[in-house]
Amino acid sequence: MQKVTTIPYSIQWNESHITILNQQELPLKTEFLELHTLEDVFDSIVTLKVRGAPAIGITAAFGVALAANALEDEFFPSFAAKVKEAITYLASSRPTAVNLFWALNRMESALSGSTTVNEAKTDLVHEALKIYLEDEETCRQIGEYGLSLFKPGSRVMTICNAGGIATARYGTALAPFHLSIEKNIHLKVFACETRPVLQGSRLTAWELMEAGVDVTLITDSMAAHTIRTKGVNAIIVGADRIAANGDTANKIGTFGLAVLAKHFGIPFYVAAPSSTFDLTLDSGDHIPIEERNAEEITHVGGIRVAPEDVAVFNPAFDVTPNELITAIITEKGIIYPDYKENIGKYIAH
Ligand code: MRU
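Residues numbered from 1 in each chain as written. Predicted model: local features only at pLDDT ≥ 70, side-chain atom pairs only at ≥ 80, totals over all residues. Heavy atoms only, no water.

As recorded in an unreviewed UniProt entry, the chain goes by Methylthioribose-1-phosphate isomerase and comes from Peribacillus deserti. Of the comments in the UniProt record for the chain, the one headed Catalytic activity (unreviewed entry) reads "5-(methylsulfanyl)-alpha-D-ribose 1-phosphate = 5-(methylsulfanyl)-D-ribulose 1-phosphate". The record held by UniProt for the chain lists under Subunit (unreviewed entry) the comment "Homodimer." (UniProt positions renumbered as here; feature names shortened; annotations may be inferred.)

Structure follows, in structure tokens:
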């Protein structure tokens, strides 16, 4: 019998509210939260209760639908102005993942295609549901293409969590591992813990264990030694924004893994949906990099582990230059260099 991934859906639309899996509580608690207001949605994104580029976009889209449904205006222009304010507000939640802006743009287009308040309310819910349902299909397709790059028994390293809980389902970088379980193909995963927020240990290790994938947790500083001594064959990561030349922003530490892949002569793959491409940027130099609060580094589990008043630099993402990327796995196919030339053949927006 075919095994199907058992990971809970991390986002669900319930008309009067959005239900999310609280990713801040994992792996100790599998807790679901109800988001009833626009402010709840904004807070859940800023505080990483929901995180991962596609999941942020989906939640924000549902947030716009939620905000629109709560409006009592009968006059379309004032209704539309308030929905646009909600879109602008959600766009200020996190700067790096372009999926947020992509999803909000789709919501804005749905709004501008409507002429009455009731029509707009229905259209906005439909558009958010479409974004959500398309993402599940997209991730499954990324998983199929990704799996085709690994031989049975491959040992693959990853960082952060680009998994089912960071998307509608399956994930991007983790999708091949979920599909490998369905297809009874053994792959071994090494998950970097991903300092400082620990998406690797708290989320990826949990998600892959739940799915029955063979996963081993390491700290980020063990990556080079692990690749050398454990025979890692490939590295696969997700993405938050990919520029027109293939430069890729992803969780801090990704760039370092790409440098290691080059040193060891192993492939370095980026897995991402077409909604993660930002073709308005000609290179990664222009990708805004979120800097988060110092406590993420100075404290562990609420306990101070650094001197009071120490200067802290806490970028949440880095940019991997395109020349270090072997291929970009998308739902439309696997894109190889020359990226400047080839990205446009697959991605159009
Ligand atoms: O800060 P986060 O946890 O939102 O960062 C997430 C990542 O960097 C992921 O790799 C990326 O968003 C892809 S998720 C499919």
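Engineer: Any chance you could explain the site of the ligand here in plain terms?
Structural biologist: Not every one of the 17 residues close to the ligand is listed here, only the nearest: R51, A53, D240, N250 and K251. Between A53 and the ligand, the recorded distance is 2.8 Å, taken from a backbone N or O atom to an oxygen atom. Taking N250, its side chain carries an N or O atom lying 2.6 Å from an oxygen atom of the ligand. Burial of the ligand by the surrounding chains reaches 100%, relative to a free accessible area of 420 Å². When each cavity is represented as a set of grid points, the ligand is found to reside in the largest cavity. Looking at the shell around the ligand, the elements that each hand over two or more residues are helix 2 (53-70) and strand 9 (248-251). Broken down by class, the residue content of the shell around the ligand amounts to seven nonpolar, six polar and four charged. Both domain 1 (11-139) and domain 2 (146-348) contribute no fewer than three residues apiece to the shell around the ligand. (Near = heavy atom within 4 Å. Polar contact = N/O pair within 3.5 Å; in protein donor to acceptor, adjacent residues only side chain to side chain. Areas by Shrake-Rupley, 256 points an atom, 1.4 Å probe, with all protein chains shown as cover. 1 Å grid on protein atoms, 1.4 Å probe; cavity = no way out; pocket = protein on both sides within 12 Å on 5 of 7 lines; lining within 4 Å. Sits in = over half its atoms within 2 Å of the grid points. Helix = DSSP H or I, 4+ residues; strand = E, 2+ residues; numbered from the N terminus. Nonpolar A, V, L, I, M, F, W, Y, C, P; charged D, E, K, R; others polar. Domains from an automatic or database assignment.)

Engineer: Help me understand the layout of surface pockets in this model?
Structural biologist: By volume, the largest pocket is sized at about 350 Å³. Taken together, 16 residues make up the lining of the largest pocket; nearest its centre are Q24, P196, V197, E296 and G301. Elements represented by at least two residues in the lining of the largest pocket include exactly helix 10 (295-298) and strand 12 (299-300). Its residues assigned to classes, the lining of the largest pocket comprises five nonpolar, six polar and five charged. The residue makeup of the lining of the largest pocket includes at least three contributed by each of domain 1 (11-139) and domain 2 (146-348). (Points joined across faces, edges and corners; volume = space filled by probe spheres on them.)

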